[in-house]
Amino acid sequence: MWRVLLICLCVLGACTTGYNTGGVTQVPGQLGEDPERAEQLFFQVVRDMQPVAQSECRKKRRDNFCEFVILVDVDPRSPPNAYQTLSDDGQPMLTMTASMIASFQTADEMAFVMAHEVAHHILRHLEQQQDTVAASAELYARLAAQQGGSPRDIRRAQQLGAQVGAQAYSQDYEFEADRLGTVMTARAGYDPVLGSKYFLRLPEPDDTYLATHPPNEERRQMVAKTAAELGL
Ligand SMILES: [Zn+2]
């Protein structure tokens, strides 16, 4: 059974895969204009997504780490965001801020973002990212040590290695989560193509080699392509 908890998050874990929205363009017709309807739709989407996410998780992961806890960060100061973390015992936690829920225009958008975050867990992106970060940090530190670097140089190299490792596959992970998220959104009874309209209101990710997220239009095209393959 999924649990939905309303919380006020003051400290966020460092290890997350998230939406990093950094601000969503405000448009008329967002659910925040009708908080009661927003809440109703949110619980409906959670109910519809639960069986799909759990069966997909058990099928793909083949372990017992499929007991999702859905958290809503009700702090009005928290910016629009959704992200996946792990509890101490390794179970997936999916957090959505109230301002993000308010920024959706449709239940399809809400379902798509929820499915995308669930997909990050099913595909083990967080675990893989942590492994890459650790390996890259170690490699950079070793190279600095081999070149006779001071303890400070080695520490800096280690930090740089961790940063490079964190970015290494992040864009691939986003596309993979969009792809599986599209499938799960459709299975839960929502329209992933309509859901991906949310990308139109997201700020474009930094145009640098360290950008964690691919361009929004490419993500929308990935959703459309996957939906077409599903015959939607
Ligand atoms: Zn993501």
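Note that the structure is predicted; figures quoted are calculated from it, not measured. Positions within a chain are numbered from 1, following the residues in the order the chain's sequence is written. Per-residue local features are limited, in this predicted model, to residues with pLDDT of at least 70; the limit for side-chain atom pairs, both in listing and counting, is 80 or more; totals at the level of whole chains, interfaces and linings are taken over all residues.

Asks: Can you walk me through the pairing of strand 4 (residues 82–86) in this structure?
Replies: Within a regular beta strand, the side chains point alternately toward one face of the sheet and then the other, so they alternate between its two faces. As a rule, residues whose C-beta atom has 12 or fewer other C-beta atoms within 10 Å are exposed, those with 20 or more are buried, and those in between are partly exposed; C-beta atoms are placed from the backbone. Labels follow the DSSP assignment, with helices taken as runs of H or I lasting at least four residues and strands as runs of E lasting at least two, numbered in each case from the N terminus. Across the five residues that make up strand 4, a large majority, four, are buried. Where strand 4 lies against strand 5 (residues 92–97), five bridges are found, and the strand directions are antiparallel. Looking at strand 5, one finds that Thr-85 is bridged to Met-93. As consecutive antiparallel partners, strand 4 and strand 5 are separated by five residues, and within that stretch Gly-90 has a phi angle of approximately 85 degrees, a positive value. Strands were regarded as paired on the criterion that DSSP finds at least two bridges between them.

Asks: Sorry if this is basic, but what is going on with helix 4 (residues 125–146) here?
Replies: With 22 residues, helix 4 should reach 32 Å at 1.5 Å per residue; the first-to-last C-alpha distance of 31 Å fits that figure. Downstream of helix 4 by a residue or two, Gly-148 has a phi angle that is positive, lying close to 75 degrees. One less than the number of residues in a helix, times 1.5 Å, gives the span that helix is expected to have.

Asks: Which parts of the structure should I look at to understand the nonpolar core?
Replies: Buried together is how nonpolar side chains tend to be arranged in soluble globular proteins. Formed by 38 residues in total, the largest nonpolar core has its most connected members in Val-45, Met-110, Ala-111, Met-114, Ala-115 and Val-118. No other element matches the 10 residues that helix 3 (residues 107–122) contributes to this core. Nonpolar core, as used here: buried Ala, Val, Leu, Ile, Met, Phe, Trp, Tyr and Cys residues forming one set through C-beta atoms within 7 Å. With five residues, the next largest nonpolar core counts Ala-137, Tyr-140, Ala-141 and Ala-157 among its residues.

Asks: Would you take a moment to explain unusual backbone geometry for this structure?
Replies: Glycine aside, negative phi is the norm for most residues, and most peptide bonds take the trans geometry. Despite not being glycine, Arg-62 shows a phi value in the positive range, around 55 degrees. Its location among the elements puts Arg-62 in the loop between helix 1 (35–61) and strand 3 (69–73). Taking the number of C-beta atoms within 10 Å as the measure of exposure, Arg-62 has 9 and is therefore exposed. A positive phi is found at Arg-124, a non-glycine position, where the angle reads about 60 degrees. Residue position: Arg-124 is located in the loop between helix 3 and helix 4. Looking at Arg-124, the number of C-beta atoms within 10 Å reads 15, which means it is partly exposed.

Asks: Would you explain the packing of helix 3 against helix 6 (residues 170–187) in this entry?
Replies: A pair of packed helices is captured by two measures, namely the crossing angle of their axes and the spacing between those axes. To obtain each axis, a line is fitted to C-alpha atoms, and for helices this fit is confined to the stretch in contact; angles are then taken between N-to-C directions over 0 to 180 degrees. Where helix 3 contacts helix 6, the two axes come as close as 7 Å, and the packing angle between them is 120 degrees. Judged by the angle between their axes, helix 3 and helix 6 are oblique. By crossing handedness, the relation of helix 3 to helix 6 is classed as right-handed. Here helix 3 contributes Ala-111, Phe-112, Ala-115, His-116, Val-118, Ala-119, His-120 and Ile-122 to the contact with helix 6, which in turn contributes Tyr-173, Ala-177, Asp-178, Leu-180, Gly-181, Met-184 and Thr-185. For the contact of helix 3 with helix 6, the class distribution of residues is 10 nonpolar, four polar and one charged. We call two directions roughly parallel when the angle between them is under 35 degrees, roughly antiparallel when it is over 145, roughly perpendicular when it lies between 65 and 115, and oblique otherwise. Crossing chirality is assigned from the near helix's rotation relative to the far helix, an anticlockwise turn below a right angle marking it left-handed and a clockwise turn marking it right-handed. The contact rule is simple: place each C-beta atom from the backbone, and if two of them lie within 7 Å, those residues are in contact. Gly is placed with the polar residues, together with every amino acid not listed as nonpolar (Ala, Val, Leu, Ile, Met, Phe, Trp, Tyr, Cys and Pro) or charged (Asp, Glu, Lys and Arg).

Keep in mind these numbers describe shape, not what the thing actually does.
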